[in-house]
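Breakdown of the fold
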Amino acid sequence: MLTLLKLLKDGRFHSGQALGTALGISRSAVWKQLQHLEAELGLSVHKVRGRGYQLAKPLLLLDSAEISAKESCEWPIHIFDSIDSTNAEALRAIERGMGAPFMILAERQTAGRGRRGRKWVSPFADNLYHSLVLRIDGGMRQIEGLSLVVGLAVMHALHDMGIAGAGLKWPNDVLVGDKKIAGILLELVGDPADVCHVVLGVGINVNMRSTDEVDQQWTSMCLEAGRDFDRNELVGRLAAKFQHYLRLHQVSGFSAIQEEWERYHLWQGRNVSLIAGINQVDGVVMGIDRQGALRLKVDGVEKIFSGGELSLRLRDDS
Ligand code: BTN
């Protein structure tokens, strides 16, 4: 099915006969595969008698040669047409003994994972689903604030691509205004005090225009800019930002990044509720500390919060 898609991706008309010959199958088998493409991947195909078949819009698929041509990337890149989750595949690859660092990308995820058990909507060839695996052997200091560092790198990649309004929300959402444009999910295996691997999972809404499936306010690069983006260029930009910020973090620790992170924190000084499962704490955001934990003024007293399962909401009176 994906071989057929690769023949059609130029957005031109292709006759059923030519497609059948290229694939070594009959015209009716081509027709069946096209039906499948539309149903399974949500793509729309124009069928015109006498001319053949044409994708409603050309597809720019992920391509490691294109990525490396745009930016030098330090890590090997593995691209999947379809996978359950790039984070899950990264964890399996670590288990198989694949040497880190490496990067997993996918055109779509059938079981994309979000934070706090949510699903991450991952339609085919629209968005970026990206997992970078690092080996950590420098102890807890190398993990401290890491998810915030990833957020900063993602935000800067978006700025470089022209999404000037992108900012941060503690701990690791990237928003434009109140709408989420990117999400980050870190997963860790091994002993963080000794040797471990960390999977930096990043989902960026790139060319997605509509979906009924996302249950929170969202936006995408194309909705913000009014044009489609080349995801290969975005991967290259992201790799460059990762290379810079991960090195800074490794050499100097999170404290070297704290001030810059706060500068881009959209909810600085806002009235928020901090949600931890069924518990809620109301307060005012003062900033973050040298480890990336949240500083919240609660009833006039500063309190510190950290942990992957925490999330913030704005209070009505903010
Ligand atoms: C969030 O809930 O905000 C985090 C979303 C993280 C989604 C990305 S997409 C690539 C990687 N693979 C996954 O299954 N999840 C992350």
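Residues numbered from 1 in each chain as written. Predicted model: local features only at pLDDT ≥ 70, side-chain atom pairs only at ≥ 80, totals over all residues. Heavy atoms only, no water.

With that settled, consider the sheet that holds strand β7 (residues 173-176). An order of β3-β4-β5-β9-β8-β7-β6 is seen for the seven strands of this open sheet, with the pairing classed as mixed. Since the sheet does not close on itself, it has two edges, and those belong to β3 (77-80) and β6 (166-169), each with one partner. When strand polarity is set aside, the average angle formed by the axes of neighbouring strands in this sheet is 20°. Bridge count between β7 and strand β8 (residues 179-190): three bridges; the pairing is antiparallel. Note on β8: the bridge partner recorded for Val176 is Lys179. (Pairing = 2+ DSSP bridges. Helix = DSSP H or I, 4+ residues; strand = E, 2+ residues; numbered from the N terminus. Axes fitted to C-alpha atoms, helices over the stretch in contact; angles between N-to-C directions.)

What you see with β6 is no split at all: Ala166 and Leu168 on one side and Gly167 and Lys169 on the other are buried throughout. In this sheet, β7 lies alongside β6 in antiparallel orientation, the contact comprising four bridges. Residue pairing in the sheet places Ala166 in a bridge with Val176 of β7. Between the antiparallel neighbours β6 and β7 lie three residues. (Buried < 20%, exposed > 50% of the residue type's maximum accessible area, 1.4 Å probe, protein only.)

Trans peptide bonds make up the majority, and among non-glycine residues the majority have a negative phi. Residue Pro101 is bonded to the preceding Ala100 through a cis peptide linkage, with omega at 5°. Along the chain, Pro101 falls in the loop between α5 (86-95) and β4 (102-106). Residue Pro171 is reached from Trp170 by a cis peptide bond, and omega for that bond is 0°. Phi is positive for Arg116, which is not a glycine, with a value near 50°. In this structure Arg116 comes out as partly exposed when scored by relative accessible area, which is 35%. A positive phi angle is found at Asp299, which is not glycine, with a value near 50°. Its location among the elements puts Asp299 in the loop between β12 (294-298) and β13 (301-305).

In this section: the domain arrangement of the protein chain. Segmenting the protein chain into domains produces domain 1 (2-55), domain 2 (64-263) and domain 3 (271-314). Put simply, the middle of domain 1 and the middle of domain 2, counted by C-alpha atoms, are 33 Å apart. (Domains from an automatic or database assignment.)

This next bit is on the pattern of salt bridges. Under the defined criterion, the tally for this structure stands at 22 salt bridges. Arg118 is the salt-bridge partner of Asp215, the closest N and O atoms lying 3.1 Å from each other. Separated by 97 residues along the polypeptide, Asp215 in the loop between β9 (196-204) and α7 (221-225) and Arg118 in the loop between β4 and β5 (128-136) bring together distant segments of the chain. Using a relative accessible area of 31% as the deciding quantity, one classes Arg118 as partly exposed. Residue Arg135 is joined to Asp137 by a salt bridge in which the shortest nitrogen-to-oxygen separation is 3.0 Å. Arg135 gets classed as partly exposed once you look at its relative accessible area, which sits at 43%. If you follow the salt bridges from partner to partner, you end up with Glu71, Asp160, Arg237 and Lys241 in one network. (Salt bridge = Lys/Arg side-chain N within 4 Å of Asp/Glu carboxyl O.)

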